[in-house]
Amino acid sequence: MVITFDKVLRKTKQRERILEVLRGAKSHPTADWIYSQVKSEFPKLSLGTVYRNLRLLKENGEIRELDFGSTFSRFDGVCEDHYHFVCHKCRRVFDIKMPVEANLNKKAEKATHFNVECHRLEFYGLCKGCSK
Ligand SMILES: [Zn+2]
Ligand SMILES: [Zn+2]
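Owing to the predicted nature of the structure, the values given are computational and were not obtained by experimental measurement. (Residues numbered from 1 in each chain as written. Chains lettered and ligands numbered in written order. Predicted model: local features only at pLDDT ≥ 70, side-chain atom pairs only at ≥ 80, totals over all residues. Heavy atoms only, no water.)

Digging into the overall build of the protein
Helix and strand counts for the protein come out as four helices and five strands. For the protein, the sequential pattern of α-helices and β-strands runs α-α-α-β-β-β-β-α-β. Taking the principal axes of its C-alpha atoms as reference, the protein extends roughly 55 × 45 × 25 Å. The buried share of the protein, taken over its 132 residues, is 31%. Across the protein, the fraction of contacts at a sequence separation of at least 24, relative to all contacts at a separation of at least 6, is 49%. Total accessible area on the protein stands at roughly 9,300 Å², and carbon and sulfur atoms take up 55% of it. The protein carries 25 positive and 17 negative side-chain charges, and their two centres are separated by 5 Å. (Helix = DSSP H or I, 4+ residues; strand = E, 2+ residues; numbered from the N terminus. Buried < 20%, exposed > 50% of the residue type's maximum accessible area, 1.4 Å probe, protein only. Contact = heavy atoms within 4.5 Å. Areas by Shrake-Rupley, 256 points an atom, 1.4 Å probe, with all protein chains shown as cover. Lys, Arg positive; Asp, Glu negative; His and termini not counted. Charge placed at Lys NZ, Arg CZ, Asp CG, Glu CD.)

As for the sheet that holds strand 3 (residues 83–87)
Two pairing modes exist for strands in a sheet, parallel and antiparallel, and in both the strands are linked by backbone hydrogen bonds. The mixed open sheet is built from three strands, whose spatial order is 4-3-5. With one partner strand each, in any of the chains shown, strand 4 (93–96) and strand 5 (122–125) form the two edges of the open sheet. For this sheet, the mean inter-axis angle between neighbouring strands, taken without regard to orientation, is 25°. Strand direction decides the pairing type here: strand 3 and strand 4, joined by four bridges, are antiparallel. Note on strand 4: the bridge partner recorded for Phe-85 is Phe-94. (Pairing = 2+ DSSP bridges. Axes fitted to C-alpha atoms, helices over the stretch in contact; angles between N-to-C directions.)

Some words on the coordination of the zinc ion (ligand 2)
Taken together, His-28 (NE2), Asp-76 (OD), His-82 (NE2), His-84 (NE2) and Asp-95 (OD) make up the protein donors of the zinc ion (ligand 2), found 2.0 to 2.2 Å from the metal. Read from N- to C-terminus, the donor residues coordinating the zinc ion (ligand 2) fall into the pattern H-x47-D-x5-H-x1-H-x10-D. (Donors = N, O, S within 2.8 Å, 3.2 Å for Na, K, Ca; no water.)

Describing the environment of Glu-122
The residue Glu-122 is located in strand 5 in this model. Of the residues examined, Glu-122 reaches a relative accessible area of 18% and is grouped as buried. Separated by 38 residues in sequence, Glu-122 and His-84 place their C-alpha atoms 4.8 Å apart. Not counting residues within four places of it along the chain, the set of residues in contact with Glu-122 comprises Phe-68, His-84 and Val-86. Only 2.9 Å separates the side chain of Glu-122 from the side chain of Arg-120, close enough to count as a polar contact. (Polar contact = N/O pair within 3.5 Å; in protein donor to acceptor, adjacent residues only side chain to side chain.)

Thoughts on the coordination of the zinc ion (ligand 1)
Ideal geometry at a metal gives 109.5 degrees between four tetrahedral donors and either 90 or 180 degrees between six octahedral ones. Each protein donor to the zinc ion (ligand 1) is listed here as Cys-87 (SG), Cys-90 (SG), Cys-127 (SG) and Cys-130 (SG); together their distances run 2.2 to 2.4 Å. Here the zinc ion (ligand 1) is ringed by four donor atoms whose angles at the metal span 104 to 115°, and the overall shape comes out tetrahedral. Sequence positions of the donors to the zinc ion (ligand 1) reduce to the motif C-x2-C-x36-C-x2-C. Cys-130 shares its class with Cys-127; the two are buried. (Tetrahedral: all angles 85-135°; square planar, octahedral: opposite > 155°, others 65-115°.)

Points about unusual backbone geometry
Negative phi characterises most residues that are not glycine, and trans characterises most peptide bonds. The backbone phi angle of His-28 is positive, close to 55°, even though this residue is not glycine. The phi torsion at His-113 lies on the positive side, around 60°, for a residue other than glycine. Summarising the element assignment, His-113 is placed in the loop between helix 4 (103–112) and strand 5.

Quick look at the structure:
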């Protein structure tokens, strides 16, 4: 199969747009949501292609995939370590602006003698809107 320059360019544009939409959204959206945002711009785009692009971006370390044990993944355009708050009721995922515990990895290493690379921390409860 011959891949034309046009096709490559279109693919790059799609991926850049997906990254842009994800970075602009503070809501840690699902692939479905991202697809709904960009499909009007790329009529030939499918949900499968969105998933493929997200996987690629994740492999490149440009985005993160959050798996909260639900049936679908959420994606995060913020790559630096940060903590999350997950609302029980509306299922929204918020970034928490507080410093990441650098010592936590070391503590876990001490406790396990394993090689700890990173940690993830999620707080659960009700968000402001839902606790009213
Ligand atoms: Zn809520
Ligand atoms: Zn986040």
